[in-house]
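# Coordinate analysis (summary)
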Amino acid sequence: MSLQHPHHRPKDFPDHPGSGEAQSQCGQAGKRNRRCLWRRSNINVTRGAIKVKWSRENYHHSLSSPYSLRLASADSAGKIIVWDVVSGTAHCEIQEHSKPIQDMDWLWTQDASRDLLLAIHPPNYIVLWNGDTGTKLWKKSYAENILSFSFDPFDPSNLALLTSEGIVFISDFSHSKPPGSGGKKVYIASPHASPAHTKPVPAALPAPTGAKKALNKVKVLITNEKPTAEAVTLNADCLQLSYLPSKRNHMLLLYPREILILDLEVSQTVGVVAIERSGVPFIQVIPCAQRDALFCLHENGCITLRVCRSTTAPDESVAASDPEQSVQELVYDLRSQCDAIRVTKTVRPYRMVICPVNENNAALTVSDGRVMLWELKAHVSKPTVNPSSGLSPLYAPVAFCGSPLGQNQKKIQDLSLNTMIGQSLVSGADPPPPSLQQEVQLKFLLTGLLSGLPLPPFALRMCPPLTTKNINHYQPLLAVGTSNGSVLVYNLTSGLLHKDLSVHSCEVKGIEWVSLTSFLSFATSTPNNAGLVRNELQHVDLPTGRCFAFRGEQGNDEPAIEMMKVSHLKQYLVVVFRDKPLELWDVRTGTLLREMAKNFPTVTALEWSPSHNLKSLKKKQLLAREAMARYTTLSDTEQSSVESSVISLLQDAESKSEGGGQAISAREHFVFTDTDGQVYHITVEGNTVKDGARIPPDGSMGSIACIAWKGDTLVLGDVDGNLNFWDLKARLSRGIPTHRGWVKKIRFAPGKGNQKLLVMYTDGAEVWDTKEVNMVSSLRIGRNVNYRILDIDWCTSDKVVLASEDGCIRVLEMAMKSASYRMDEQDLTDPVWCPYLLLPRAALTLKAFLLLQPWSGTFTMDITQVDYTEKHEIKGLIQEQLNSMSNDMKSVLLDPELNLLQRCLLVSRLFGDESDLQFWTVAAHYLQSFAQARHLSVPVPEGQTPAEGTQATPQGHLDIYHDTLCESFYFQRFQLERVHLQEVKRSSYEHTKKCADQLLLLGQTDRAVQLLLETSADNPSYYCDSLKACLVTTITSSGPSQSTIKLVATNMIANGKLAEGVQLLCLIDKAADACRYLQTYGEWNRAAWLAKVRLNPAESSDVLKRWAEHLCSPQVNQKSKAILVLLSLGCFHKVGEMLQSMRYFDRAALFIEACLKYGVMEANDSTNKLIGAAFVDYARLLRTLGLRESAAFWASRAGGAGEQLLEELFQGEGAVPEETEGLENTE
């Protein structure tokens, strides 16, 4: 475990998809007292971690593949460790080279395997690893140095590498073998001006004319030629490259002063987000998937959110005067920004991360160790649009969790980005009626702050150890004195800051605890010309925070305090000065007992003895009390016979106890050494100080630097690196030269009989066993660590804590290996919603419990109210999770109006389950869409999307990030808009040709002809394009011309000209044949695209069904994608069968239940077998989880198939309960 300071902060800081609410519920301050799960983690990285990545949760979760928190961390020495965060253990360690890892990410297509991790090993290798076993699957090198990479979120075979010279596009990425080719290398070029220096045109100026407009259009394009020297700087300035997850084939490039949005189909900029001259440069951008929006981090630590403007044409007058003004480019409007931080030489923002499930929380790491948690909030505002701002209003969506909101239904506005702002409209699509629209404004709210350590140096002291007496109220607190005079107290079981106390005005030099809840600390100012300083010695009480000067007014202009030592019983305190005799204080009363004489020897090392006479004093006191009690009951004659000596003895003992045990002054001793190495022994009792024996110096030892004493063992360390072990019982001494130089500090481990000793040197530390007198473990700079140690202490009997010069405080095992502890042992003050912390079985139980409670009319949030056979501890942990939910979330889950689809979506969001979320989003949309079509009695055969007219559902259409799963009419409009934008932005003949080709495929022949006729006469393609234009305009539907064109097209395809042949087929309305050819030649995505934009529902359905079959084939193995395709076609029965065959029992049963509820599936002879099998399998799963009532309910719904299971469930309990039979009928 390490509490870290900036210089070793992870540069990249990931957010876990797990537990939607744990992500939206993070933070130490405010945030409804929720706790940050992210980084104050229980794992330790020995060298500076420079990249950390959570594994994805996009697979179906079951007992065999449970919810787990896996984190890959890469460090500056080239080592990657994959951690199981809950148990705090490493799954595997991976090492290829010793250079820092440049970038890494988990593969996102997880039907095949969810353990694969791709990493860049400098300078130019990409290596695919199995993150579970640490096995290398393949390695590939490239010609240039690779800086970072980005996976295409729409196509697993596409990968883009950002290199020192440009971009390399890989289109044959696969987990089974390395990419075959060197990829397509492209360069970023700007034909006219470097984008970093072109000023955006201010809005106030008149619109640019002719030449200027042409210049603006051609911002940046990607070329295959090596660019000129001017353009090379473009590549060097590029900070980041990322595919956009919100729409296919778009990529962003980040520069310090602008973000470029590229359309990869035409390799051309279609949008620019530029910063004015006085603006603050970017350092990072994260594109969102749920909406076309960008989270941008600026150099001053400010996070801004920019949302893409709707492309619906503005008022007609503008469009008429300048048709190009309507869609000039993609514009990202600034919608919200958070406060900046104060940037100094040492304080600057590092990285930000956003919640991958909800996309409405951001966390920012700052170089001083702070982590700031920002939450995006939507506020409903009055519809007063300020026309001067020029921003169109943002509207809240009209649906919640994929379904229209009920009349009185509760909803959570800020659940995720897509519940906060609605979809951006596409030109031609109808906006929802104004009565349903609510205008919203977005604001960032700081909901959590984790502070790091200040700059080193540090002074450490662990509180007194755990004993049988203090076990009930013990807290493992570590006090850290800092260079700015504050003392930070950390609780080591939670890893969180317990108290931050501003105690001194200068650097804290030492801390000593005087009880479990109070300590003394001292600080010294910088010396003046006379070598004198201001000493501050403060007593701090933790519960109250009260702090007072222990030495009163003393302390100004005196020699510096060198050390202070508190006695074992915490009665006395010795303060040692540099050139002044020591002082002896009574800690309990705060009085000075003795200031030693001027001729007192100079102290080089000092230690209190663990032995004292407290026990014998207490015993005497008890005897005295008993005797006094007896004495008072004796008769006079008996009294006189009691010897007077006994009485005086009793009175003496009683007086020593000074009234009731509170202030028994026990006798304690300390030893110290002088500059000659002579050992002095001094006894303190009450306010008497006696000088004891003196032991002459040991000739083999140099000047003694430190002493440690425990039991009968005394150890001395000197400036030459010698350790001298004294066995006081046997009166033996043994000297060991360690050859490590100055022994700075030695400390015995706590615990009875524990004789381990921690030794600190200038170049590291060692643990010694003083019984055997041998070294147990060692740490040395340059050998196994690269940091210098500043201070050491034991935090438990087998763990040590080190403060190091790199700004970290580390807890290590006694073997000097990094220590980790289980996350469920972390003593968090407030509960955290994170089902991942539960046992796999318990996490699935919690999910089943939240999904459906059909056994009672009402929904409950109390696990004890259901028949759940499980141990009490596990029930308690599940209940803790339920209690930790926000009140908003509980009220929505308890709301009877929340339908089954909404509940499935909400629970998958709560669990951060990407796979469930994607499935239920598509399922909810199409179930309602087909149900509505059926309700309007529009016959829709299975496998066809409802026609365009039936689409006016309140929930609109699927978002475009679902790509080919969207409805055809919406997908078509989006593609038309996109090609129009490409057309406006084209800058070369190549671009014009690509636009014309796209327009032909989309059936926009008139516009395509115009573009073809633009080809200049000196272009080699002039003749071809002119003929093509003639062909397109003269195509007739006569039989002979059709058959000729078809023949030519098939010949072209056979001879390798697939794209040209497909175009010809589209010209004669044979797009269905074109799709078949594309599929035959393996262009499955292109075929699906063409089917969506050109074919009627029946033909399109055939093409997409073939695609689904292909996705299910063993060599492709993307069954989850195939299921989504089938959902979009309404093949619900087939989806049910597939889910069942893939053993997704919970998803299958709930999906079939939803189909029955919405009437898109009926219980009849053809479906009963599937329904029975799905329900009985789900019932069995629930039985293994221990939810008997739920299991009985599903078994009773399964008809004949469930009878046997029902008998097993109620064996020995009489017949099947009536309640379950009744439920069967109500359904």
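Each residue is numbered by its place in its chain's sequence as written, counting from 1. In keeping with the predicted nature of the model, local features appear solely for residues at pLDDT of at least 70, side-chain atom pairs appear and are counted solely at 80 or more, and the whole-chain, interface and lining totals rest on all residues. The side-chain quantities take in all heavy atoms of the structure and omit both hydrogens and water.

In the nomenclature of an unreviewed UniProt entry, the chain corresponds to WD repeat-containing protein 11 from the organism Oncorhynchus mykiss.

The subject of this paragraph is the overall build of the chain. For the purposes of this entry, the term helix denotes a DSSP run of H or I that reaches at least four residues, the term strand denotes a run of E that reaches at least two, and both are numbered from the N terminus. When helices and strands are tallied, the chain shows 30 helices and 56 strands. Throughout, exposure labels follow a simple rule: accessible area from a 1.4 Å probe, protein chains only, divided by the maximum for the residue type, with under 20% read as buried, over 50% as exposed, and the rest as partly exposed. Residues counted as buried form 56% of the 1227 residues belonging to the chain. Considering only intrachain contacts with a sequence separation of at least 6, the fraction spanning at least 24 residues in the chain is 57%. Summed over its atoms, the accessible surface of the chain is roughly 52,000 Å², and 52% of this surface lies on carbon and sulfur atoms. Two residues form a contact once any of their heavy atoms are found within 4.5 Å. Accessibility throughout is a Shrake-Rupley quantity obtained with a 1.4 Å probe, and a residue counts as covered only by protein chains that appear here.

One requirement defines pairing of two strands: DSSP has to find at least two bridges between them. Here 4 strands make up an open sheet; going across it, the order is 38-39-40-41 and the pairing antiparallel. Every other strand in the sheet has two partners, leaving strand 38 (561–566) and strand 41 (591–595) as the edge strands with one partner each. Pairwise comparison of adjacent strand axes, ignoring direction, gives a mean angle of 20° for this sheet. Pairing between strand 38 and strand 39 (residues 572–577): 5 bridges, direction antiparallel. Bridged to Met563 within strand 39 is Val576. Here the axes come from fitting lines to C-alpha atoms, over the contacting stretch only for helices, and the angles between their N-to-C directions go from 0 to 180 degrees.

Attention now moves to a positive patch on the surface. Like charges are joined within 9 Å and nonpolar side chains (Val, Leu, Ile, Met, Phe, Trp, Tyr) within 5 Å, but only among residues with over 30% relative accessible area and no salt bridge; these make up the patches. Take a side-chain nitrogen of Lys or Arg and a carboxyl oxygen of Asp or Glu: if they are within 4 Å of each other, that pair is a salt bridge. For the purpose of charge, His is not counted, nor are the chain termini; Lys and Arg are scored as positive and Asp and Glu as negative. Where a charge lies is defined by one atom per residue type, namely NZ (Lys), CZ (Arg), CG (Asp) and CD (Glu). Positive charge collects at one region of the surface, where Lys469, Lys615, Lys618 and Lys752 lie side by side. Overall, the relative accessible area of 46% leaves Lys618 in the partly exposed class.

This paragraph deals with the side chain of Asp806. Looking at the secondary structure, you find Asp806 in the loop between strand 55 (799–804) and strand 56 (809–813). The term polar contact refers here to a pair of N or O atoms within 3.5 Å; inside protein, the definition further demands a hydrogen-donor-capable atom paired with an acceptor-capable atom, and it admits residues adjacent in sequence only when both atoms are side-chain atoms. For Asp806, the side chain forms a polar contact with the side chain of Ser804, separated by 2.7 Å.

This brings us to the pairing of strand 30 (residues 459–462). Side chains on a regular strand alternate between the two faces of the sheet. With burial as the criterion, each face of strand 30 is covered, one bearing Ala459 and Arg461 and the other bearing Leu460 and Met462. For strand 30 and strand 31 (residues 477–481), the ladder comprises 4 bridges, and the chain directions are antiparallel. Along strand 31, the bridge assignment pairs Arg461 with Ala479.

Another aspect to go through is the sheet that holds strand 46 (residues 704–710). Pairing is antiparallel across the open sheet formed by 4 strands, whose spatial order is 46-47-48-49. For this open sheet the edge positions go to strand 46 and strand 49 (732–737), each flanked by a neighbour on one side alone. Pairs of neighbouring strands in the sheet enclose a mean axial angle of 15°, with direction left out of account.

With respect to burial, helix 21 (residues 1071–1080) is a largely interior element, 7 of its 10 residues being buried. Considered for burial, the residues of helix 21 that qualify are Ala1071, Ala1072, Asp1073, Ala1074, Cys1075, Leu1078 and Gln1079. Those residues of helix 21 hidden inside the fold are in contact with helix 19 (1039–1054), helix 20 (1058–1067), helix 22 (1084–1094) and helix 23 (1097–1112). Downstream of helix 21 by a residue or two, Gly1082 has a phi angle that is positive, lying close to 80°.

Attention shifts here to the packing of aromatic side chains. Only Phe, Tyr and Trp rings take part, Trp by its six-membered ring, and two of them pair if their centres are within 6.5 Å. Stacked means planes under 30 degrees apart, edge-to-face means over 60, and tilted covers everything else. In the structure shown here, the tally under the stated rule is 23 aromatic pairs. For the ring pair Phe149 and Phe151, a centre distance of 5.5 Å and an interplane angle of 75° mean the geometry is edge-to-face. When sorted by exposure, Phe149 lands in the same class as Phe151, which is buried. Consider the rings of Trp833 and Phe911, whose centres lie 5.9 Å apart with planes at 85°: the pair is edge-to-face. One end of the pair, Trp833, is in the loop between strand 56 and helix 10 (840–851); the other, Phe911, is in the loop between helix 13 (900–910) and helix 14 (914–935), with 78 residues separating them in the sequence. Of the two residues examined, Trp833 and Phe911, each falls in the buried class. The ring of Trp1089 carries Arg1086 above its face, with NZ or CZ at 4.7 Å from the centroid. Here, over-ring charges are defined by two tests on the NZ atom of lysine or the CZ atom of arginine: distance to the ring centre within 6 Å, and angle to the ring normal within 35 degrees.

Turning to helix 20, a few remarks are in order. The buried fraction of helix 20 is high, at 8 of 10 residues. Among all positions of helix 20, only Leu1058, Gly1061, Val1062, Gln1063, Leu1064, Leu1065, Cys1066 and Leu1067 are buried. Contacts from the buried residues of helix 20 go to helix 16 (989–1001), helix 17 (1005–1012), helix 18 (1022–1034), helix 19, helix 21 and helix 22. Following helix 20 by one or two positions, Asp1069 has its phi on the positive side, about 60°.

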